[in-house]
Protein chains: 2
Amino acid sequence: MSQTKLKDDLARERLIDLAAEFYDQFEGGEVPEMTLPTRTKSNIEYDEESKVWKYGDRTSSRSANSVRGARKLLKAAYTIEFLARQLDEGRSSTLRELYYLSESWDSEEAHFSDQDESNQLVEDLEIVSHVTREDFHMRPEESGATLMGPLKLREQTRRGEREIHCQEDVGEGGYQIPNNPDTIEFLEHDIDFVLCVETGGMRDRLVENGFDDAYNVLVVHLKGQPARATRRITKRLHDELDVPVVVFTDGDPWSYRIFGSVAYGSIKSAHLSEYLATPEAEFIGIQPQDIVDYDLPTDPLSDSDINALQSELDDPRFMTDYWEEQIELQLDIGKKAEQQALASRGLDFVTDTYLPERLDAMGVI
Amino acid sequence: MSQTKLKDDLARERLIDLAAEFYDQFEGGEVPEMTLPTRTKSNIEYDEESKVWKYGDRTSSRSANSVRGARKLLKAAYTIEFLARQLDEGRSSTLRELYYLSESWDSEEAHFSDQDESNQLVEDLEIVSHVTREDFHMRPEESGATLMGPLKLREQTRRGEREIHCQEDVGEGGYQIPNNPDTIEFLEHDIDFVLCVETGGMRDRLVENGFDDAYNVLVVHLKGQPARATRRITKRLHDELDVPVVVFTDGDPWSYRIFGSVAYGSIKSAHLSEYLATPEAEFIGIQPQDIVDYDLPTDPLSDSDINALQSELDDPRFMTDYWEEQIELQLDIGKKAEQQALASRGLDFVTDTYLPERLDAMGVI
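In the annotation of an unreviewed UniProt entry, chain A is listed under the name Type 2 DNA topoisomerase 6 subunit A and assigned to Salinigranum rubrum. Here chain A is described in UniProt, under the heading Subunit (unreviewed entry), as follows: "Homodimer. Heterotetramer of two Top6A and two Top6B chains." Annotation of chain A in UniProt includes, under Function (unreviewed entry), the sentence "Relaxes both positive and negative superturns and exhibits a strong decatenase activity."

*Asks:* Mind laying out the nonpolar core, listing which residues take part and the relevant values?
*Replies:* Membership of the largest hydrophobic core comes to 75 residues, with the highest contact counts inside it found for Leu147(A), Leu151(A) and Val194(A). With seven residues, the single largest contributor to this core is helix α2 (residues 67-88) of chain A. Every residue in contact with Val194(A), bar those within four places of it in the chain, is listed here: Leu218(A), Val220(A), Leu237(A), Val243(A), Pro244(A), Val245(A) and Val246(A). One finds Ile127(B), Val207(B), Leu218(B) and Leu301(B) within the second-largest nonpolar core, a separate group that totals 46 residues.

*Asks:* Help me get a handle on the interface of chain A and chain B, residues and values and all.
*Replies:* Between chain A and chain B, the contact holds 52 residues from the first and 52 residues from the second. Overall, the association of chain A and chain B removes approximately 4500 Å² of surface from exposure, summing both partners, and the carbon and sulfur fraction of that is 44%. The three residues of chain A that bury the most area against chain B are Tyr100(A), Arg159(A) and Glu208(A), which together make up 16% of that side's buried surface. Summed over the shared surface of chain A and chain B, the result is 16 salt bridges. With a closest N to O distance of 2.7 Å, Arg91(B) and Asp348(A) form a salt bridge. Connecting chain A to chain B are 34 residue pairs in polar contact (both at pLDDT 80 or more). Those elements giving two or more residues to the side of chain A that touches chain B turn out to be α2, β5 (93-94), α3 (95-101), β7 (146-148), β8 (151-157), β9 (160-165) and α5 (200-208) of chain A. Broken down by element, the residue count for the side of chain A that touches chain B peaks at six residues, all from α5(A).

*Asks:* So, the UniProt feature "domain: Spo11/DNA topoisomerase VI subunit A N-terminal" (unreviewed entry) in chain A: which residues are in play, and what are the values?
*Replies:* Here, UniProt's "domain: Spo11/DNA topoisomerase VI subunit A N-terminal" (unreviewed entry) annotation points to residues 71-137 of chain A. Note that residues 71-137 of chain A is 60% helix and 3% strand, and that its end C-alpha atoms are spaced 24 Å apart.

*Asks:* Which residues make up helix α8 (residues 253-263) of chain B, and what values go with them?
*Replies:* Residue and element names in this part refer to chain B. The buried fraction of α8 amounts to nine of the eleven residues, a majority that puts the element mostly inside the structure. Restricting attention to buried positions, one finds in α8 the residues Pro253, Ser255, Tyr256, Ile258, Phe259, Gly260, Ser261, Val262 and Ala263. Where α8 begins, one side-chain oxygen reaches toward the backbone nitrogen of tryptophan 254, 3.0 Å away; that side chain belongs to aspartate 252. In the stretch just after α8, glycine 265 is the one whose phi turns positive, near 85°.

*Asks:* A description of the sheet that holds strand β9 (residues 160-165) of chain B should follow, citing residues and the corresponding values.
*Replies:* Within a sheet, neighbouring strands are paired by backbone hydrogen bonds and run either parallel or antiparallel to one another. Residue and element names in this part refer to chain B. The strand order across the open sheet formed by three strands is β9-β8-β11, and the pairing between neighbours is antiparallel. Of all strands in the sheet, those with a lone pairing partner are β9 and β11 (184-189), marking the two edges. With direction set aside, neighbouring strand axes in the sheet form an average angle of 20°. Taken together, the five bridges between strand β8 (residues 151-157) and β11 define a ladder with antiparallel strand orientation.

*Asks:* Account for a negative patch on the surface, with residues named and values stated.
*Replies:* Residue and element names in this part refer to chain A. Taken together, Glu13, Asp17, Glu21, Asp24 and Glu27 make up a surface patch of like negative charges. Secondary-structure assignment places aspartate 17 in helix α1 (residues 2-27). Residue class for aspartate 17 comes out partly exposed when judged on its relative accessible area of 46%.

Calculation rules
Residues numbered from 1 in each chain as written. Chains lettered and ligands numbered in written order. Predicted model: local features only at pLDDT ≥ 70, side-chain atom pairs only at ≥ 80, totals over all residues. Heavy atoms only, no water. UniProt positions renumbered as here; feature names shortened; annotations may be inferred. Core = buried A, V, L, I, M, F, W, Y, C linked by side-chain atoms within 4.5 Å. Buried < 20%, exposed > 50% of the residue type's maximum accessible area, 1.4 Å probe, protein only. Helix = DSSP H or I, 4+ residues; strand = E, 2+ residues; numbered from the N terminus. Contact = heavy atoms within 4.5 Å. Buried area = accessible area lost by both parts, 1.4 Å probe. Salt bridge = Lys/Arg side-chain N within 4 Å of Asp/Glu carboxyl O. Polar contact = N/O pair within 3.5 Å; in protein donor to acceptor, adjacent residues only side chain to side chain. Pairing = 2+ DSSP bridges. Axes fitted to C-alpha atoms, helices over the stretch in contact; angles between N-to-C directions. Patch = residues over 30% accessible without salt bridge, like charges linked within 9 Å, V, L, I, M, F, W, Y side chains within 5 Å. Areas by Shrake-Rupley, 256 points an atom, 1.4 Å probe, with all protein chains shown as cover. Lys, Arg positive; Asp, Glu negative; His and termini not counted. Charge placed at Lys NZ, Arg CZ, Asp CG, Glu CD.

Written out as structure tokens, the structure reads:
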């Protein structure tokens, strides 16, 4: 509990420091401003040390030298006050609540005109304060997914501690990841590797076939594009338990982006890469090569699929021999396949043949 | 366990009976066919006794008197064989797996050409056999949502029984509803009413504010348009525990449809109304009247909102004085509001003021 309090106090202090900076700028006769890295594909760079993609040197600034800019800083000041009080009271809120709550602020100029504006401001505050949204106690709308496997954890809830084993103490639905997974402590485990799975249908197949039990796997359901909570817990599992992480998705460009968001983070949130990305995560499939090797049922690539693949060839995060080869192959065969297409070989093919072969080839088992 | 086995055997028998019927038709020199109710808005009727909407008398048939029709019955025969074996082996699969699995069937004529076709066939089989998809062991792709509140339940999993209290034995994320909630038995509870909530943000607000504890509420997260598993467990909670069910959504026509799917079921699955619908469920809000009474922040109605409201006025399920009044009022004011808009009055307004006032007015508390 005092650990949590300490973290809250630190986040609060950082926010107050930002407001104090505006104040000092005013007092020194300067026009207050906030400087931020430019958040575009051309301004992300690979950081050798942390092995993640971060923002480069290009910056843009929010300055009070225009009415529009001044209003932005006013909103920032109000938001900081709200967040500081929220931390003080040990409460939390969603991004959408913040947007609506601004209607209750006394200065009408400080009300947000739409939710994009308040979302963007919270991201700006994350970047300049080096505190994550979760540590401001801002909850996402999207809930995290579920875990199933040989892991016992302790979650710190508002109603006290809960010790939960992610096989023995949960139903078939698994353990629901809370909005802020940093309230979790890993107690004991028997995990050989973590398997992140895109679709619910495949997650249920693995659980039904007892794959988590047979291979000592923690199955993380990504539920499509993974929520921040899901990416965060995946990173912590890798770093704290020192186990490999493999990602199992459909075989199309949109699913490679899902892998990318687990492994490399996203351009929009490159300031969070060290917090959310698992650069050591490996892609297990469906690879374009698998479509050929296992003769899977496919659909033809659509125009938007082809565009997305070509844009991945230009994306610095996908500029590796492996990805170039696979993407070129896919453009060549003009086909994509879903992970559940493995069922065309029978319901056990994925757990008896496909995954063991791929995991063996990758050196994971 | 033997209860489950009995249910599986019954489902299996009903399926085999269907196939036997085709056989008998053949042997009697008739062209085999399958007769189904027509599934359109004009063919649903209110059943006074069960208080749900069901299909009326109009029917259409799938007959083998054309190549296309014969192929449909062939696919039905293969699917029946697959499902019967699945039940025999105590296994399960998703609709998508069934689609892909058909590629492994020896007759190429029996392969499904797309997933719409296999989905439709499974629905047809549900209707003619009077067995639900869940009892065929077909899992949905979409997972159910979560429960939080004073309820202790027992879930029958493949790995044995799990007893779980939906406050004391779960994290802040709550208890994840399994794909087939009929594996759940309710053991003990202290629930005064069930509150179904559309958005994750509001669900988290209620849990953070301890509303489930203060009012003895079971909070069911609908996660937008609710999955079958979520609707099924809501119905069972109402019927078996004899507690009121109230539904709390955004104040727009799409959210009224969410309420409708909990309370009345859907046109597409009127054959399942008795299994999935909770006709006694009441709508708590956001009502158009609340937008006026509580002066909530709003957005203007879009053209598609207006069309959807008008189509609801024509929908037999919404033809009550209450809904006509509310929908007319909304068309009149031209505005809609989200449930999280209540945050404009502060983060506790929803639990301290809005819900208690509405629940009192509805006679629930």
